[in-house]
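# Structural description and commentary
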Amino acid sequence: MKIKQFQSELEKKGIHLTERQLHQFERYYELLIHWNEKVNLTAITEKEEVYLKHFYDSLTVAFFHSFEGRNIHVCDVGAGAGFPSIPLKIIFPQLQVTIVDSLKKRIVFLQQLVEELQLDNVQLFHDRAEVFGQNAAHRERYDLVLARAVANLSVLSEYCLPLVKLGGTFVAMKGSGGKGELKEGKGAIHRLGGQVMNKHFFRLPMEESERMIIQIKKEKHTPKKYPRKPGVPAKQPLT
């Protein structure tokens, strides 16, 4: 996806990029490639693929979930190199973004990225999702919790739903396996206080790979025992 195609495809969805935003995405790409030589951030390094599979793909959540309005608190769990929250922050600068990732080197990269792109109201935490979800300062505090390609949906729900406030939303961004994960994960979602509200299926432009976005509303408080201790959700997923 060339930059002009990136612009054009977003305009079809009502997202019009400013010159500053275009520059921010260009600088994002440069820093990503520079840091990727010393920190394993992504296997995707070709510019056109980064624009399609990272930048555009991250923004697809905005096609189905509204980011309009101020004081929207967003938490991105396992953001890695900043996907999807940093592209969303570039497009919607009013968002208040919290990123949690378990690898310190990725957090260091994100610190420089946030500074270089001059993004305000972005907090970065080096922590395990299981520990972060038990932290009273963050538990059930967020309007929206996002996760992209982190774990299967049962495990992901245990990482994310404890952070969503009542009435808030957890959005899982999935590929072609999302439908099967959802079928297996419905019990876990219900146990953690969530209710599946919407499922959106689409394909990325050009390469036509399948994508699925699952919107889960937080209807009940998550029981205090969740998330369980680090490593347990992945080894013993809820059913």
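Taking an unreviewed UniProt entry as the reference, the protein is identified by name as Ribosomal RNA small subunit methyltransferase G belonging to Fervidibacillus albus. Listed under Sequence similarities (unreviewed entry) in UniProt, the entry text for the protein is "Belongs to the methyltransferase superfamily. RNA methyltransferase RsmG family." The UniProt entry for the protein carries this comment under Subcellular location (unreviewed entry): "Cytoplasm".

### Considerations on the UniProt feature "binding site: S-adenosyl-L-methionine" (unreviewed entry) in the protein
The sites that UniProt annotates as "binding site: S-adenosyl-L-methionine" (unreviewed entry) are Gly78, Phe83, Ala129, Glu130 and Arg148. Residues that both appear in the annotated list above and line the largest pocket are Gly78, Phe83 and Arg148. As for its position among the elements, glycine 78 is in the loop between strand E1 (73-77) and helix H4 (85-91). Here glycine 78 falls in the partly exposed class, since its relative accessible area comes to 26%. In this view, glycine 78 contacts Val100, Asp101 and Val150; residues no more than four positions away in its chain are not counted.

### Overview of the pattern of salt bridges
A full pass over the atoms with the stated rule returns 17 salt bridges. Residue arginine 27 is joined to glutamate 30 by a salt bridge in which the shortest nitrogen-to-oxygen separation is 2.9 Å. Placement of the pair is arginine 27 and glutamate 30 together in helix H2 (residues 19-36), with a separation of 3 residues, close to one helical turn. Note on glutamate 30: relative accessible area 42%, which makes it partly exposed. The closest approach of N and O atoms between glutamate 130 and arginine 128, which form a salt bridge, is 3.2 Å. In this structure glutamate 130 comes out as buried when scored by relative accessible area, which is 2%. Connected via shared salt-bridge partners are Arg27, Glu30 and Glu116.

### Here we look at the side chain of aspartate 57
Examined against the element boundaries, aspartate 57 turns out to sit in helix H3 (residues 47-59). Overall, aspartate 57 belongs to the buried group, its relative accessible area being 5%. Looking at aspartate 57, its side chain comes within polar contact range of the side chain of arginine 148, at 2.9 Å.

### Examining the state of the cysteines
Taken as a whole, this structure holds 0 disulfides when the rule is applied. Residue cysteine 75 stays outside any disulfide, its sulfur separated by 7.4 Å from that of cysteine 160, the closest cysteine. In this structure cysteine 75 comes out as buried when scored by relative accessible area, which is 0%.

### Focus: the sheet that holds strand E2 (residues 96-101)
Taking strand neighbours across the sheet as the criterion, the 7 strands line up as E3-E2-E1-E4-E5-E7-E6 in an open arrangement whose pairing is mixed. Edge strands, defined here as strands with exactly one partner in the open sheet, are strand E3 (122-126) and strand E6 (194-203). When strand polarity is set aside, the average angle formed by the axes of neighbouring strands in this sheet is 15 degrees. Here 6 bridges tie strand E5 (residues 164-174) to strand E7 (residues 210-218), and the two strands are oriented antiparallel to one another. The partner of alanine 172 across the bridge, within E7, is isoleucine 214. Against the sheet, helix H5 (residues 104-116) makes contact with E2 and E3, and its axis sits at roughly 165 degrees relative to E3, the strand it touches most.

### What to know about the pairing of strand E4 (residues 142-148)
Side-chain direction in a regular strand flips from residue to residue, so the side chains alternate between the two faces of the sheet. Extensive coverage of E4 is indicated by the burial of 7 of its 7 residues. Bridge analysis of E4 against E5 gives 6 bridges, and the strand direction is parallel. Within E5, the position partnered with arginine 148 by the bridge is methionine 173.

### Topic: the environment of alanine 62
Looking at the element boundaries, alanine 62 is found in the loop between H3 and E1. Between the alpha carbons of alanine 62 and lysine 13 there is a distance of 9.0 Å; along the sequence they are 49 residues apart.

Definitions and limits used
- Residues numbered from 1 in each chain as written.
- Predicted model: local features only at pLDDT ≥ 70, side-chain atom pairs only at ≥ 80, totals over all residues.
- Heavy atoms only, no water.
- UniProt positions renumbered as here; feature names shortened; annotations may be inferred.
- 1 Å grid on protein atoms, 1.4 Å probe; cavity = no way out; pocket = protein on both sides within 12 Å on 5 of 7 lines; lining within 4 Å.
- Helix = DSSP H or I, 4+ residues; strand = E, 2+ residues; numbered from the N terminus.
- Buried < 20%, exposed > 50% of the residue type's maximum accessible area, 1.4 Å probe, protein only.
- Contact = heavy atoms within 4.5 Å.
- Salt bridge = Lys/Arg side-chain N within 4 Å of Asp/Glu carboxyl O.
- Polar contact = N/O pair within 3.5 Å; in protein donor to acceptor, adjacent residues only side chain to side chain.
- Disulfide = S-S within 2.5 Å.
- Pairing = 2+ DSSP bridges.
- Axes fitted to C-alpha atoms, helices over the stretch in contact; angles between N-to-C directions.

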